[in-house]
Every structure is written in C-alpha cells, then in structure tokens.
Amino acid sequence: QVQLVESGGGLVQAGGSLSLSCAASGRTFSGYDMGWFRQAPGKEREFVAAISWSGRSTYYADSVKGRFTISRDNAKNTLSLQMNSLKPEDTAVYYCGRSYPTRDPSREDSYDYWGQGTQVTVSS
C-alpha cells in the first residue's frame, strides 16, 4: 500500500510564494513518475506538473510554466512543488499522485494513488 500526504498549503497574497510537499510511504516511490494536480471549486481536477522517476524530465501546464517548479528527492521519498508569483486563479486543492509506469503523467487516468489534498488560497 502506498500513502501520499501533502502539506504546505495555506493563504497567500497574489504575487507571493508557497512550497508544497508530498511525503510518500512505502518503497514504491523512486521507480514511478509523480505529479501534481489541482481542483478549484466547481471545476474538474487539472494537471499542474509532473516529474519522471529519475527527476531528469519535468512537465508543466502552460498556466504555471515559469512560475512553478516540481522536484523530488528519492532518498527521502518526497515530492515538492515550489509555487512563485501566485495568482488568484491558482486557488485550488492541490493533490499529489503516483503515475503508472510508461503512462502519460499529464493525464489523470495515468495515476493509481492520490494524496488527500492541501488547500491553496491566493487572495487578490
């Protein structure tokens, strides 16, 4: 069984920064792509960023490119998302997930495990 626990959400003013973390339990972390998705009220969950199992490849939604940075530490079973220049439209619950091997990590149906989510609120 894999457990993913997000932390680091909160309230921040527009233009500010937040850093999210996702702690994974179990030994099956380093061999899998990982990703962040978010869901705003009344909207579907959407892709934010993903990172390959090695950390060498990263992928971003156009809406966050240049502002967010995804990273991972396989030795610590930790996934991170550094969010800078936050905008009110970034307000959402952010989820980390583990992607099936060889699947497209930008697709929600590529993921087999999800965390419970952490709320990010950006005020204008």
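Residues numbered from 1 in each chain as written. Predicted model: local features only at pLDDT ≥ 70, side-chain atom pairs only at ≥ 80, totals over all residues. Heavy atoms only, no water.

1. Digging into the pairing of strand E4 (residues 34-39)
Consideration 1: With five of six residues buried, E4 is to be regarded as a mostly interior element.
Consideration 2: Strand direction decides the pairing type here: E4 and strand E5 (residues 46-51), joined by five bridges, are antiparallel. Counted as the bridge partner of Phe37 is Phe47 from E5.
Consideration 3: Between E4 and E5, which pair antiparallel in sequence order, lie six residues; one of them, Gly42, sits at a positive phi of approximately 75 degrees. (Buried < 20%, exposed > 50% of the residue type's maximum accessible area, 1.4 Å probe, protein only. Helix = DSSP H or I, 4+ residues; strand = E, 2+ residues; numbered from the N terminus. Pairing = 2+ DSSP bridges.)

2. Structural notes on the state of the cysteines
Consideration 1: Taken as a whole and judged by the stated rule, the model has one disulfide.
Consideration 2: The disulfide that involves Cys22 links it to Cys96, with 2.0 Å between the sulfurs. Handedness here is read from the sign of the S-S torsion; for Cys22 and Cys96, about 50 degrees, the answer is right-handed. A residue pair is termed long-range when its members are at least 10 positions apart, and Cys22 in strand E3 (residues 18-25) and Cys96 in strand E9 (residues 92-99) qualify at 74 residues.
Consideration 3: By relative accessible area, which is 0% here, Cys22 ends up buried. (Disulfide = S-S within 2.5 Å.)

3. So, the pattern of salt bridges
Consideration 1: Enumeration according to the criterion identifies seven salt bridges in this entry.
Consideration 2: We note a salt bridge from Lys65 to Asp62, for which the minimum N-O separation is 3.2 Å.
Consideration 3: Note that Asp112 is salt-bridged to Arg98, the shortest N-O span being 2.6 Å. Remark: Arg98 occurs in strand E9 and Asp112 occurs in strand E10 (residues 111-114); sequence separation between them is 14 residues.
Consideration 4: Connected via shared salt-bridge partners are Arg38, Glu46, Arg67 and Asp90. (Salt bridge = Lys/Arg side-chain N within 4 Å of Asp/Glu carboxyl O.)

Don't take any of this as a statement about function, it's just geometry.
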